[in-house]
Amino acid sequence: MAEHFDIIVVGAGHAGCEAALAAARMGARTALLTLNPDTVARMSCNPAIGGLAKGQLVREIDALGGEMGRVIDATGIQFRMINTGKGPAMHSPRAQADRAAYHLEMKRRLEAQPDLVLRQDTVTGLLVRHGRIRGVRLRDQSECLAGSVILTTGTFLNGLLHLGPARVPGGRMGEPPARALSESLRELGFTLDRLKTDTPPRLNGRTINYDALELQHGDDEPRPFSFSTQRIERQQLPCHMAHTNPRTHDIIRAAMDRAPLYDGQIQAGLGPRYCPSIEVKVVRFPDRDQHLLFLEPEGLNTLEVYCNGLFTSLPRDVQEDMIHSIRGLEEARILRYGYAVEYDWVPPTQLRPSLETRRVEGLFHAGQINGTSGYEEAAAQGIIAGINAARRLQGRGPLILGRDEAYIGVLIDDLVTKGTEEPYRMFTSLAEYRLVLRQDNADRRLMRYGYENGLIPGRMWRNLQAKERAIATTVEYLRNTRRDDKSLATLLRRPEMDMDTLGRMDPRVNELAADPEVREQVEIELKYEGYLKRQMEQIERFRRNEDRLIPDWLDYGDIPALRREAREKFSERQPRSLGQAARISGISPADVSMLMVYLEGRRRRGEEAARKES
């Protein structure tokens, strides 16, 4: 007999873990199905969480009630705040992870979660009736039924591994692909395409000459990712920096006829633009005589070292020569060779902003299946998909974060509105309102959503309310207290002034803002007040178009003034607002104006009809 759940999550990578935990914590009986429970939350690529813009995503996941921030706080071995030389909008936390410890800690939390069943199973197809998901079919032809299904398949959909001339079916080295599921999606009418990504070689740290490399330490006082973590107490390890050189590049150029990326073996293009293979770097930047590499420890209980920046699918002998040409790595032994993985993905313009598919009701996609790159982007989609699948079960509308509210909102809006032609990676430059969307205030922006959905405990919510009161009280005191005919708020705006200096001038400041997070928020709020005010004015203009919703029943064929291309794109993407309609690639301001005029006319005619009836 078929087993019944409320929600089924397929795939236990970073997206699947967040989706399953969110759904279960919201009261949905949830099944998390994975090919192998021993690879839950596996870091297939670099052993790190966060980084430029990615750190903001992790802080937002945490504010919503997700798990990634808490797990990296428990297992991180080097924490750094990046871009501290720039303004607070550019600050991004990053942490090296103990790869094995991270996986085991996340697995333990999944196993301990009530209403969540973690199970080893292979999904071979989707069960759909009358356009609505019913569940999944398993490898033994049994059925597992649910009202919602979330696909978080990573690189496993029809995955193919490339190492030199060798081609091996797989989603990761040593793990089989999910071929039948790709065919099931095609049969349901979904458009699929191919993407690829690379991994670098891993080295035996015992064979590295660290004396020849540049040392990179973490922060003296590590800052946690999670708003619930008080302090980082784990042992911390350094990283090291190395560089390629002209000899390295000559070795690569001489082997280009054996490179799967350039000999036609890989069909999915060049891969991530901002995380390219070393082959692409050498071709794209012929005048560069060196490229920076980061040698990152894999954990406290292993000597394995990740060679970040040397992503490749070149043959083994070329990788050996390449490694040994680098200063400090002359005698290094390779533990794992780099390889490329080519896989199917489902272009995300086939999704609603809730991450539910347009074609099949109750089916959600999250993570690399949507064309993204990175653990953080995957986890961000996962928690939103999990929340929305659970809200659907509860008969509630979806949670859709705006571009003005979160980096997560920017990420999902870019995917479903604009789509992508290469693995999508989040950057601060993609967020128009990044002065407001900082890593330091993610709790103030998003924790209310986590609390409303039962993912944030009452204690954390009360702590945030107390923090908000302390910020407001301190700001008011600084505005109203004067020294030498200037308010303390005015003095704080001086470049040489900060809250610590102000506290030495007036001890009352230290009493009101005893919490370091309160001091930070007050200083940012007052020092950047003019910039933040202008950003809020921009956000208000943005919201006016976002609030002008387009009804689901609208037939764009009924608007004769629209260009044919605009009618086709609006019909395909089904924008939920005028703002989203304007962001669709190929749509002109004139198209949006025509749509606005038509909607306004419909509204006025409706009001007139209502008056006549009354």
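Residues numbered from 1 in each chain as written. Predicted model: local features only at pLDDT ≥ 70, side-chain atom pairs only at ≥ 80, totals over all residues. Heavy atoms only, no water.

Caption draft 1: The arrangement of the packing of helix 9 (residues 375–393) against helix 10 (residues 407–418) in detail. It is the contact of helix 9 with helix 10, at a shortest axis distance of 10 Å, that shows an interaxial angle of 90 degrees. Considered as vectors, helix 9 and helix 10 are oriented roughly perpendicular to each other. Touching Glu377, Ala380, Gln381 and Ile384 of helix 9 are Ile408, Leu411, Ile412 and Leu415, all from helix 10. Residues that form the contact of helix 9 with helix 10 fall into these classes: six nonpolar, one polar and one charged. (Axes fitted to C-alpha atoms, helices over the stretch in contact; angles between N-to-C directions. Helix = DSSP H or I, 4+ residues; strand = E, 2+ residues; numbered from the N terminus. Parallel < 35°, antiparallel > 145°, perpendicular 65-115°, else oblique. Contact = heavy atoms within 4.5 Å. Nonpolar A, V, L, I, M, F, W, Y, C, P; charged D, E, K, R; others polar.)

Caption draft 2: Structural context of the environment of arginine 358. With respect to the helices and strands, the residue arginine 358 is situated in the loop between strand 21 (340–345) and strand 22 (363–365). Note: C-alpha distance between arginine 358 and glutamine 574 (216 residues apart in sequence) is 9.1 Å. Apart from the residues lying within four places of it in its own chain, the contact partners of arginine 358 are Thr349, Gln350, Leu351, Arg352, Glu572, Arg573 and Gln574. Side-chain polar atoms of arginine 358 contact the backbone oxygen of leucine 351, separated by 3.2 Å. (Polar contact = N/O pair within 3.5 Å; in protein donor to acceptor, adjacent residues only side chain to side chain.)

Caption draft 3: The arrangement of the pairing of strand 2 (residues 7–10) in detail. Residues Ile7 and Val9 point to one face of strand 2 and Ile8 and Val10 to the other, with burial holding for every one of them. Sheet topology places strand 2 next to strand 3 (residues 30–34); four bridges connect them, and they run parallel. Residue pairing across strands places isoleucine 8 opposite alanine 31, the latter belonging to strand 3. With respect to chirality, the unit in which strand 2 leads through helix 1 (residues 14–25) into the neighbouring parallel strand 3 is right-handed. (Buried < 20%, exposed > 50% of the residue type's maximum accessible area, 1.4 Å probe, protein only. Pairing = 2+ DSSP bridges. Right-handed = clockwise from strand over helix to strand, strands pointing away.)

Caption draft 4: Local environment of the nonpolar core. One finds Tyr102, Met106, Ile384, Leu401 and Ile408 to be the most contacted residues of the largest nonpolar core, which totals 83 residues. For this core, the leading source of residues is helix 9, giving ten residues. Sequence-distant contacts of tyrosine 102, that is, excluding residues within four places in its chain, are made with His14, Ala41, Met43, Ile49, Met68, Val71, Ile72 and Thr75. In this structure, Ile133, Leu151, Phe190 and Leu192 belong to the second largest nonpolar core, which totals 25 residues. (Core = buried A, V, L, I, M, F, W, Y, C linked by side-chain atoms within 4.5 Å.)

Caption draft 5: Broad picture of the side chain of asparagine 388. As for its position among the elements, asparagine 388 is in helix 9. With a relative accessible area of 3%, asparagine 388 lands in the buried category. Leaving out residues up to four positions away in the same chain, asparagine 388 has contacts with Ser354, Phe364, Pro398 and Leu399.

Caption draft 6: Focus on helix 8 (residues 316–324). Of all the residues in helix 8, the buried ones are Val318, Gln319, Met322 and Ile323. Projected onto a plane normal to the axis of helix 8, the buried residues spread over an arc of 130 degrees and lie on a single side. Elements that come into contact with the buried residues of helix 8 comprise strand 12 (160–163), strand 15 (202–204), helix 6 (246–254), helix 7 (278–284), strand 19 (304–308) and strand 20 (334–336). (Arc of directions from axis to C-beta.)

Caption draft 7: How the structure looks around the packing of helix 3 (residues 68–75) against helix 4 (residues 99–112). Put simply, helix 3 and helix 4 touch, their axes get as near as 9 Å, and they point 130 degrees apart. Taken together, the axes of helix 3 and helix 4 lie oblique to each other. Between helix 3 and helix 4 the crossing geometry is right-handed. Side by side, helix 3 and helix 4 meet where Met68, Arg70, Val71, Ile72, Ala74 and Thr75 of the first sit next to Ala101, Tyr102, Glu105, Met106 and Arg109 of the second. (Left-handed = near helix turned anticlockwise from the far one by under 90°.)

Caption draft 8: Inspection of the state of the cysteines at higher detail. For the structure shown, the criterion picks out zero disulfides. Its sulfur unpaired, cysteine 239 is 12 Å from the next cysteine sulfur, which belongs to cysteine 307. (Disulfide = S-S within 2.5 Å.)

Caption draft 9: A look at unusual backbone geometry. Positive phi, normally seen in glycine, also occurs at alanine 41, with a value near 55 degrees. Relative accessible area serves as the criterion here: at 1%, alanine 41 is assigned to the buried category. Of note, the phi angle at glutamine 141 is positive, near 75 degrees, even though the residue is not glycine. With respect to the helices and strands, glutamine 141 occurs in the loop between strand 9 (132–138) and strand 10 (143–145).

Caption draft 10: Structural view of the packing of aromatic side chains. Inspection of every chain in the model, using the stated rule, returns five aromatic pairs. Seen from their ring centres, tyrosine 556 and phenylalanine 570 are 5.3 Å apart, and the 35 degrees between their planes marks the pair as tilted. Within this pair, whereas tyrosine 556 is found in the loop between helix 17 (529–546) and helix 18 (564–573), its partner phenylalanine 570 is found in helix 18, the two being separated by 14 residues in sequence. For phenylalanine 570, a relative accessible area of 0% corresponds to the buried category. In this structure, arginine 59 packs its charged tip against the face of phenylalanine 227, placed 4.0 Å from the ring centre. (Phe/Tyr/Trp six-rings, centres within 6.5 Å; stacked < 30°, edge-to-face > 60°. Lys NZ or Arg CZ within 6 Å of the ring centre and 35° of its normal.)

Caption draft 11: Summary view of helix 18. Inspection of helix 18 places Ala566, Lys569, Phe570 and Arg573 among the buried residues, and these make up the whole buried set. Buried residues along helix 18 cover an arc of 100 degrees about the axis, so they all sit on one side. As for helix 18, its buried residues are in contact with helix 10, helix 19 (578–582) and helix 20 (589–613). After helix 18 finishes, the residue glutamine 574 shows a positive phi value of roughly 50 degrees.

Caption draft 12: View of the pattern of salt bridges. Under the counting rule described, the total for this entry stands at 53 salt bridges. One salt bridge in this structure joins glutamate 520 and arginine 223, with 2.9 Å as the shortest N-O distance. In this pair, glutamate 520 is assigned in helix 16 (residues 516–527) and arginine 223 in the loop between strand 16 (214–216) and strand 17 (239–243), connecting sequence segments 297 residues apart. Its relative accessible area of 23% is what places glutamate 520 among the partly exposed residues. Among the residues examined, arginine 223 registers a relative accessible area of 25% and is labelled partly exposed. Linking aspartate 413 and arginine 403 is a salt bridge whose minimum nitrogen-to-oxygen distance equals 2.7 Å. One end of the pair, aspartate 413, is in helix 10; the other, arginine 403, is in the loop between helix 9 and helix 10, with ten residues separating them in the sequence. Across the pair, arginine 403 and aspartate 413 agree in class, each one buried. Here the residues in one salt-bridge network are Arg403, Asp413, Asp414, Lys418, Glu432, Glu546 and Arg583, joined through shared partners. (Salt bridge = Lys/Arg side-chain N within 4 Å of Asp/Glu carboxyl O.)

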